[in-house]
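Reading the structure
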Amino acid sequence: MTSQNYKSRFLKKWERDLAIGCLWIAIVVQWHFSGELHASDSLGENPNVLFVAIDDLNDWIEPLGGHPQARTPHLSRFAAQAVNFTRNYCPSPGCNPSRSAVMTGYHPYTSGMYSNYQDWRKAIPNAITLGEYFRKNGYWSAGAGKIFHYSQVAPACWDDYFPSQTKNMPDYHYPRPGQTVNMPVFHHMYQDFDWSPIELPDEKTGDYQCVKWISDHLARPHDKPFFLACGIYRPHVPWYVPQKYFDLFPLETLQLPKVLKGDLDDLGIRGKELAARGGNYHQHVLAAGQWKKAVQGYLASIAFADAMLGKLLDALEQSAYANNTIVVVWSDHGWQLGEKQHWRKFALWENLARCVLMIKSPQGIAALPEGAKTGANCKRITSLIDIYPTLLELCDLPPRDELDGHSLVPLLLNPNTEWNYPAITTYDYSEFSIRTERWRYISYIDGSEELYDHDNDPEEWTNLATHPEYQQVKTRLTKHIPDNPAPLRKETLIKIMPHHIPPYGSKEEYRRRNKRPARNNLDF
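Everything in this summary refers to the structure shown in the same document.

Each value, and the rule that gives it
- Residues numbered from 1 in each chain as written.
- Predicted model: local features only at pLDDT ≥ 70, side-chain atom pairs only at ≥ 80, totals over all residues.
- Heavy atoms only, no water.
- Phe/Tyr/Trp six-rings, centres within 6.5 Å; stacked < 30°, edge-to-face > 60°.
- Buried < 20%, exposed > 50% of the residue type's maximum accessible area, 1.4 Å probe, protein only.
- Lys NZ or Arg CZ within 6 Å of the ring centre and 35° of its normal.
- Helix = DSSP H or I, 4+ residues; strand = E, 2+ residues; numbered from the N terminus.
- Arc of directions from axis to C-beta.
- Contact = heavy atoms within 4.5 Å.
- 1 Å grid on protein atoms, 1.4 Å probe; cavity = no way out; pocket = protein on both sides within 12 Å on 5 of 7 lines; lining within 4 Å.
- Points joined across faces, edges and corners; volume = space filled by probe spheres on them.
- Nonpolar A, V, L, I, M, F, W, Y, C, P; charged D, E, K, R; others polar.
- Polar contact = N/O pair within 3.5 Å; in protein donor to acceptor, adjacent residues only side chain to side chain.
- Pairing = 2+ DSSP bridges.
- Axes fitted to C-alpha atoms, helices over the stretch in contact; angles between N-to-C directions.

Bringing the packing of aromatic side chains into the picture now. Per the counting criterion, the structure on display carries 27 aromatic pairs. The interplanar angle of 80 degrees and the centroid separation of 4.7 Å between the aromatic rings of Phe-134 and Tyr-139 together place this pair among those described as edge-to-face. On the basis of relative accessibility, which here comes to 1%, the residue Tyr-139 falls in the buried class. Three or more aromatic residues joined by ring pairs form one cluster here, namely Phe-51, Trp-120, Phe-134, Tyr-139, Phe-148, Trp-158, Tyr-161, Phe-227 and Trp-330. Just above the ring of Trp-140 sits the side chain of Arg-220; from NZ or CZ to the centre is 5.0 Å. Its end group placed over the ring of Tyr-133, Arg-400 keeps NZ or CZ at 5.5 Å from the ring centre.

Structure (structure tokens):
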């Protein structure tokens, strides 16, 4: 071969390799920026959704002011970007009925899904879950952590899940497996009712693993719009979080919740039963000298959950999807820590029904071209049941008129717009709370009632239900109680544990189990 021929063949090979190299560079560049192009251009009419559920979080956060010492800088940061629904309420003060209502769009009085001790998949077998509906309409749906209640998984809702489609929650650290650290165990106590610092970095916790998994998906390119759901388990008990979060709340300066001596004196039998539910937690907390340590544990767990939310927000802001993603942050219900001598959830008072809801909607989507208001507090009465129809409208998906709840898009546009929908909260069968901007009315299964005037009694210390001058108020509020609530079907119940209290399926069952005679004002 002559040197000229060799040189010619070498140049042709070099030109071919150069062309191939340029092609690969173009492919890599396109792949790298595809998420940005995807987010800003090709999916302008179908925004992404980041859906963050925080377990058992009441109003003890900076944007709601429920506790003066709460430390939640990331919830405050998010509230400055979103509409903060300051009077938002849960469908039910229990994880399972509240979460299943959010994810199916059906209120417990419609579905018959009233209790933690039911299987929502049996109660609402034909429901199309929120993630499933997004999938049917072209979205990629994935989640991590607690969205549905523990083992009651819903594979049709997701394309992928962490840790897996059959195990939706990672393992959580217990410093003394099978034993409590601080709270002495009493009869019927929920074993996880405990609190303690743990010697773990954030990165070793179950919630961090969930946040990281979702963050990793925010960092990669997507060829479809996505619905990403992240469940943050704390501040659900046990309140085991790293020491640094406990250090934020020194015991010597810690403030306990506001309480009133004799607060239960004006309640009926059923209200007092709920206050002492499960073995009278308050009595045992006081006897053990653990009230301040428990409050410290709850505030520490909230601060930890806030830090996890901060990592998620950072991941979104650093991603290609920052400007085309709707973000919903919510908690499934509230919690009490000694108010009305009651602990945990499972009752119908303000601290239990009020919960977190904040929504950020970007500019450029069909439903809100200018985006939602930012940094606005909406004081209208809203409910978690409104999330499903709201997301359908924001994402321009076909509406589902059979759902309960109302789209909050008008309030995202103008948080002060007229809004005349009360929040209905149920506990078990045939027990209801009706919340309007001024009033809370509670109707119990034994026929007893409570009425609170929030303009003058935000702590709900004075029950006005027996005062004749408020009869018209009660009559007006009772009109919102469903006439024919769905029954609680026995075949939907799960096997209960020793600390579980099975729900009542009827007024007759309540009377029979408690050996109570019928009263004239009860429809037995």
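Now for helix α10 (residues 277–287). Every buried residue belonging to α10 is among Arg-277, Gly-278, Tyr-281, His-282 and Val-285, and all of these are buried. Down the axis, α10 shows its buried residues gathered within 105 degrees of arc, on one side only. Of the surrounding elements, those touching the buried residues of α10 are α9 (269–275), α11 (291–317) and β10 (343–344). One or two steps after α10, the chain reaches Gly-289, where phi turns positive at roughly 65 degrees.

Bringing the layout of surface pockets into the picture now. Quantified by volume, the largest pocket comes out at close to 640 Å³. For the lining of the largest pocket, the elements supplying multiple residues, two or more each, are β2 (83–89), α12 (350–353) and β12 (376–383). Tallying contributions element by element places β2 first for the lining of the largest pocket, with three residues. Class assignment for the residues of the lining of the largest pocket results in seven nonpolar, eight polar and 11 charged. Taken as a whole, the second largest pocket holds about 420 Å³ of empty space. As for the second largest pocket, its lining consists of 20 residues, of which His-149, Tyr-150, Met-497, His-499 and His-500 are closest to the centre.

Relative to the elements of secondary structure, Lys-345 occurs in the loop between β10 and α12. For Lys-345, a relative accessible area of 3% translates into the label buried. Setting aside its immediate chain neighbours within four residues, Lys-345 contacts Asp-56, Pro-93, Cys-95, His-236, His-333, Gly-334, Trp-335 and Leu-352. Of the polar contacts made by the side chain of Lys-345, one reaches the side chain of Asp-56; its length is 3.1 Å.

Our next topic: unusual backbone geometry. At the junction of Phe-162 and Pro-163, the peptide bond is cis and its omega measures out at 0 degrees in the coordinates. Cis geometry is found at the peptide bond from Val-237 to Pro-238, where omega equals 0 degrees. In this structure, Lys-340 takes a positive phi of about 55 degrees despite not being glycine. Relative to the helices and strands, Lys-340 resides in the loop between β9 (336–337) and β10. Classification of Lys-340 by relative accessible area gives buried; the value is 4%.

Here we take up the environment of Lys-272. Within the secondary structure, Lys-272 is located in helix α9. Assessed through its relative accessible area of 38%, Lys-272 is described here as partly exposed. Along the sequence, Lys-272 and Gln-341 sit 69 residues apart, while their C-alpha atoms lie 9.2 Å from each other. Once residues lying within four places of it in the same chain are set aside, the contact partners of Lys-272 are Leu-264, Asp-265 and Leu-267.

Spatially, the eight strands line up as an open sheet ordered β4-β3-β6-β1-β8-β11-β2-β12, and their pairing is mixed. In this open sheet, the two edge strands, each paired with only one partner strand, are β4 (160–162) and β12. Recorded for the sheet is a direction-independent mean angle of 15 degrees between the axes of neighbouring strands. Alignment of strand β3 (residues 140–144) against strand β6 (residues 226–232), held across five bridges, turns out to be parallel. Each residue of the ladder has a partner; that of Ala-142, found in β6, is Leu-228.

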